[in-house]
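Okay, here's what each chain looks like letter by letter:
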Amino acid sequence: EWTMVFRNDSPQQREARAQILLPLGASVSRLTLWINGEEREAAFGGRSQVRAAYQEVVERRRDPVLVTTDGPDRILLQCFPVPPNGGQMKTRIGITCPLVVREAGEGLLPMPRILERNFGTPDSLQPSVWIDSDTAIADAGPLAVDRAAEAREARGELTAASLEDGLSVRVRRGRDTTASWSRDDRDPASPVVVQQLVRPPAGPAVKRLAIVIDGSTHMREHAGELGEILASLLRAGPELRAFFASDAVSTSIVNRASIPQLVAPKRFAGGCDNMAALVRAWDWASESGAGAVLWLHATQPFESGATESLLQRWQRRPGGPPVYSCQFGGGPDRVTDRIGSHAALHFIAPVEGPVTDVAELNPLWSGGAPTAVWQWSKLPPGTQPPAGARQASAHLVRLWAADEIRRLIRTPAAAATAEAVKLAKTWQLVSPVSGAVVLETQEQYRRAGLKDIDPSTAPETIPEPAGGLLALWGLVLILALRGILRALRGPAILPAGHR
């Protein structure tokens with residue numbers, strides 16, 4: 001759970017907005033707002049329904065908070081109005097996510113990070129973090145692990161920069177913990193939902209790997225990491241070609257001799273539109289019949305006018321090369337926001353840093369066994385859990401529901417979208433077809449056709465033992481809204497008299 005307190009030092013009401021990157025596979029499963037000192041739960045509904053409710057109440061200058069998705073593993077948080085002259089607004093976001101498992105005996109929990117915001121954070125800010133785990137915490141970075149509590153607690157203060165730079169916590173897992181289960185108590189039949197680690201079948205080796213390198217100034221500090229990634233790819237097997245995005249696209253064969261020139265810091269300058277390089281890379285990779293594109297880039301603060309060129313290729317050649325996107329550092333990615341829902345774009349979630357995160361894909365290039373992934377399934381009513389599986393909390397069912405919503409969204413039938421919205425409401429999840437909003441009065445909910453949730457159905461703060469899953473809570477931010485706000489994507493909420 002992530003608790004934020006916004007303070008507005010300007011003489012006018014302001015809206016606080018932030019785009020937040022969630023951990024891989026995560027969903028917002030709780031949203032609350034403090035109104036007159038009382039914490040109020042959100043209503044979950046269809047995406048357009050909750051947004052309309054938020055905007056109607058904003059027009060009346062009352063107290064809503066809205067959370068919707070904003071790209072792959074991204075959410076947009078909006079709070080209005082933060083009262084002027086030192087007034088405050090307090091909200092809490094609950095996030096349900098699976099651990100990232102790269103080794104049988106360990107799991108990683110990446111913290112959420114802020115990609116873009118219209119408020120300032122003072123350097124003196126020290127977000128407070130407390131982590132509980134039902135297994136030993138191996139590494140919590142700057143947080144202190146309490147050895148007296150069998151290393152199952154970690155706590156401490158972070159820096160303001162960590163809100164954007166991120167942090168991953170490593171936890172021990174039992175090597176025999178391959179399956180967990182929980183009952184879906186919101187289904188009348190109360191069936192069992194099972195979570196398992198499975199290793200997908202190996203696919204064909206990639207013959208051509210096109211590497212698009214962002215030539216902007218932001219990538220200069222990552223030149224050393226780029227060199228490590230390129231050297232690692234040389235051992236993966238496919239034919240490599242680099243497409244360097246600058247004022248003009250330059251191409252070169254990747255080998256040991258060319259790497260130092262490719263990543264020379266002096267090459268990175270200004271801001272660069274990467275789309276022309278992506279299109280050329282896709283064309284080259286598609287000639288082999290078994291190609292892929294790896295895009296290594298920094299923040300992309302502007303949409304590209306050439307985005308349609310890539311979308312057209314994906315539409316005409318749905319079996320063409322996939323694009324794997326890896327962002328270095330924080331900041332928004334307008335290109336991924338624009339085309340992130342397309343099945344051909346795969347966002348590489350930041351977990352341990354770009355070098356390690358990209359190396360996890362090496363089996364894809366060589367045709368080897370991919371990394372194990374989580375798989376969720378609902379058993380037929382009356383079926384017992386698998387032998388040896390460990391009982392988990394209701395968060396496991398939320399993970400299944402989020403995965404099922406993603407599957408339904410990919411189904412073209414209109415009925416599938418309606419089923420996805422229904423499932424999101426049942427399990428109170430923010431998804432591409434649903435959102436969450438807190439309004440001030442029951443009359444406002446009634447006009448919007450919404451109902452705030454029963455607090456007893458909200459996720460528990462510290463879940464029951466769940467096979468190594470962690471509960472994050474107590475992360476408190478005191479954020480000062482500036483008098484002049486930087487604009488985020490979407491309509492701005494202006495002070496009275498300035499509409």
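Just so it is clear, the model here is predicted, and its values are computed rather than measured. (Residues numbered from 1 in each chain as written. Predicted model: local features only at pLDDT ≥ 70, side-chain atom pairs only at ≥ 80, totals over all residues. Heavy atoms only, no water.)

*Asks:* Lay out the overall build of the chain in plain terms, naming residues and giving numbers.
*Replies:* When you go through the chain residue by residue, the secondary structure sums to 12 helices and 28 strands. Computed over the C-alpha atoms, the radius of gyration of the chain is 23 Å, within 12% of the 23 Å expected from 2.2 N^0.38 for a compact globule of 499 residues. By its C-alpha atoms, the chain is 65 × 65 × 55 Å across when sized along the principal axes. Here the chain, with 499 residues, has 54% of them falling under the buried criterion. (Helix = DSSP H or I, 4+ residues; strand = E, 2+ residues; numbered from the N terminus. Rg over C-alpha atoms; globule rule 2.2 N^0.38 Å. Buried < 20%, exposed > 50% of the residue type's maximum accessible area, 1.4 Å probe, protein only.)

*Asks:* I'd like a description of the pattern of salt bridges, backed by residues and values.
*Replies:* Charged atoms that come close allow side chains of opposite charge to pair. Tallied over the entire structure, the rule returns 29 salt bridges. A salt bridge links Glu443 to Arg447; the shortest N-O distance between them is 3.7 Å. Of this pair, Glu443 and Arg447 both sit in helix α12 (residues 442-448), 4 residues apart, which is roughly one turn of the helix. Residue Glu443 is classed as partly exposed on the basis of its relative accessible area of 36%. When salt bridges that share partners are traced, they join Arg102, Glu106, Arg170, Arg172, Glu352, Asp357 and Glu360 into one network. (Salt bridge = Lys/Arg side-chain N within 4 Å of Asp/Glu carboxyl O.)

*Asks:* Requested: an account of the side chain of Arg117, with residues and values cited.
*Replies:* Relative to the elements of secondary structure, Arg117 occurs in strand β11 (residues 113-117). From its side chain, Arg117 meets the backbone oxygen of Phe119 in a polar contact 2.5 Å long. (Polar contact = N/O pair within 3.5 Å; in protein donor to acceptor, adjacent residues only side chain to side chain.)

*Asks:* Can you break down the packing of aromatic side chains residue by residue, with the values?
*Replies:* A full pass over the atoms with the stated rule returns 4 aromatic pairs. Note on Phe6 and Phe119: the rings are 5.2 Å apart at their centroids and 70 degrees apart in plane angle, and the pair reads as edge-to-face. Of this pair, Phe6 sits in strand β1 (residues 2-8) while Phe119 is found in the loop between β11 and β12 (128-133), placing the two residues 113 residues apart along the sequence. Note on Phe119: relative accessible area 0%, which makes it buried. When the centroid spacing of 5.3 Å and the interplanar angle of 55 degrees are considered together, the rings of Phe244 and Phe268 count as tilted. (Phe/Tyr/Trp six-rings, centres within 6.5 Å; stacked < 30°, edge-to-face > 60°.)

*Asks:* For the sheet that holds strand β18 (residues 192-198), give the residues involved together with the corresponding values.
*Replies:* Across the sheet, which stays open at both edges, the 4 strands sit in the order β25-β18-β17-β26 with mixed pairing between neighbours. Bordering the open sheet on either side are β25 (373-378) and β26 (390-391), each of which pairs with just one other strand. As paired strands, strand β17 (residues 179-183) and β18 are joined by 5 bridges and run antiparallel to one another. Across the sheet, residue Ala179 finds its bridge partner in β18, namely Gln196. (Pairing = 2+ DSSP bridges.)

*Asks:* Hey, could you go over the environment of Trp400 for me, with residue numbers and the actual values?
*Replies:* Here Trp400 shows up in helix α10 (residues 395-409). When the C-alpha positions of Trp400 and Ser377 are compared, they lie 6.8 Å apart, and in sequence the two are 23 residues distant. Contacts of Trp400, omitting those with residues within four sequence positions, involve Asp184, Val193, Trp376, Ser377, Lys378 and Leu423. (Contact = heavy atoms within 4.5 Å.)

*Asks:* Describe the pairing of strand β6 (residues 65-69), listing the residues and the values that go with them.
*Replies:* Extensive coverage of β6 is indicated by the burial of 5 of its 5 residues. Judged from the 5 bridges that link them, β6 and strand β7 (residues 74-82) form a sheet pairing that is antiparallel. Pairing of Val67 across the sheet is with Leu77, part of β7. Between the antiparallel neighbours β6 and β7 lie 4 residues, among them Gly71 with a positive phi of about 115 degrees. Where β6 meets strand β27 (residues 434-438), 3 bridges bridge the pair, whose relative direction is antiparallel. Pairing of Val67 across the sheet is with Ala436, part of β27.

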